[in-house]
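# Report on the structure
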Amino acid sequence: IFKNHSSCETLKHEFQDAAKDFTTKILNNAVPVTYCNKSVGMYLRFEETYKNLTTHIDANNVSCKYQYFNVDRLGVVETMYNQLHSMWEMGFCDDCYANTTSATPSNTTGDFYIYWEHIHQCIENTSRSGDPCLMCMGQYQKLNDFYDGIKSEKNDRICFDLQDAMNRTRILWSVKLNCCRDRNSSMLTAYIIAGVVSFLPSLFYVFIYFNKRYHERYDFLSDGHETPPEEVENTANARDHQDHADIQAGPSRVTAEMPHKVKELLKERRHDDDEELLSSTPKKSEIHSQK
């Protein structure tokens, strides 16, 4: 807590101006994202004026915090501060600096922008007279490897200025310049192989299903429906019973065998008649002798 001759109203206007300048700087450096590096001065002033407003006691021994904070549910001053401060925190802007208070960039930030400048200068110099994909491959690979290293080291908590710069460089390299042609071809091959491999289990199960159905059908036609011995014996007995029933006498007391016996009897009688006729007829030799 400090005391000076400034009134709380004056400190509130200073905070208002600092918030306005910081907001304007963020908006002007939103696309591409560079506000972490370009608005650090405004951010430090914004933080300082807020601290003065919350700790100052005027000449009448009245706290400015008492006048502007916790006086209603909306809390305009505090809400304004929290919103702008969160923009700095969400962008991991402190990661850009070794010491944010002194606005000293970190070694990581400096090295990244060196690699970034190299690749963009190479693309600019070779895009008209050569193939940047071939001529700038080394510079791009250095930048990409360096960024992957700090990303792994910091667990993705990287200054958003660096994140946005790297994302835009990758889009320029792979989409606009189409420098990932070989990679696209290899990815297509990988997709085809993956599709074939994923289809093989389905084909295997279809084969197993139809093979099982075939064996079930074969068993049904061979072993599954053989006539049991008991059924064969019952069928034979039924047939014998039917044959026996066929030779039983009917209402006229004539059996099925009688017509056959009658036929045999008639045949024997005709045979006897023929023999008798032959015996009664004289032979030719006898007729000549009588003459």
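For clarity, every value in this text was computed on a predicted model and none was experimentally measured.

## Considerations on the state of the cysteines
Taken as a whole and assessed by the stated rule, the structure comprises five disulfides. A sulfur-sulfur separation of 1.9 Å characterises the disulfide bridge that pairs cysteine 8 with cysteine 64. Its torsion about the S-S bond being -90°, the disulfide of cysteine 8 and cysteine 64 is classed as left-handed. With a gap of 56 residues between them, cysteine 8 in helix α1 (residues 8-28) and cysteine 64 in helix α4 (residues 64-68) connect regions that are remote in the sequence. Assessed through its relative accessible area of 3%, cysteine 8 is described here as buried. Between the sulfur atoms of cysteine 36 and its disulfide partner cysteine 93 the distance amounts to 1.9 Å. Note on the cysteine 36 and cysteine 93 pair: the S-S dihedral is about -55°, so by sign convention the disulfide is left-handed. With cysteine 36 in helix α2 (residues 35-38) and cysteine 93 in the loop between α5 (76-90) and β3 (97-99), this residue pair connects regions lying 57 residues apart in the sequence. For the pair shown, cysteine 36 and cysteine 93 are each scored as buried.

## Details of the nonpolar core
Formed by 43 residues in total, the largest nonpolar core has its most connected members in Phe46, Leu53 and Trp173. Counting only elements with at least two residues in this core, the list comes to α1, α2, α3 (40-55), α4, α5, α6 (107-126), α8 (137-154) and α9 (160-176). If sequence neighbours within four positions are ignored, tryptophan 173 has contacts with Ile119, Ile123, Pro132, Cys133, Cys136, Met137, Tyr140, Asn178, Cys179 and Cys180.

## Focus on the confidence of the model for the chain
Summing up the model confidence of the chain, the mean pLDDT is 78 and the portion of residues at 70 or higher is 64%. Confidence drops under a pLDDT of 50 for residues 183-188, and excluding neighbours within four residues, the segment shows one contact in the predicted structure. Low confidence marks residues 243-248, where pLDDT is under 50. Its contacts with residues over four positions away, or in another chain, come to six contacts.

Rules of the game
Residues numbered from 1 in each chain as written. Predicted model: local features only at pLDDT ≥ 70, side-chain atom pairs only at ≥ 80, totals over all residues. Heavy atoms only, no water. Disulfide = S-S within 2.5 Å. Helix = DSSP H or I, 4+ residues; strand = E, 2+ residues; numbered from the N terminus. Buried < 20%, exposed > 50% of the residue type's maximum accessible area, 1.4 Å probe, protein only. Core = buried A, V, L, I, M, F, W, Y, C linked by side-chain atoms within 4.5 Å. Contact = heavy atoms within 4.5 Å. pLDDT = per-residue confidence, 0-100.

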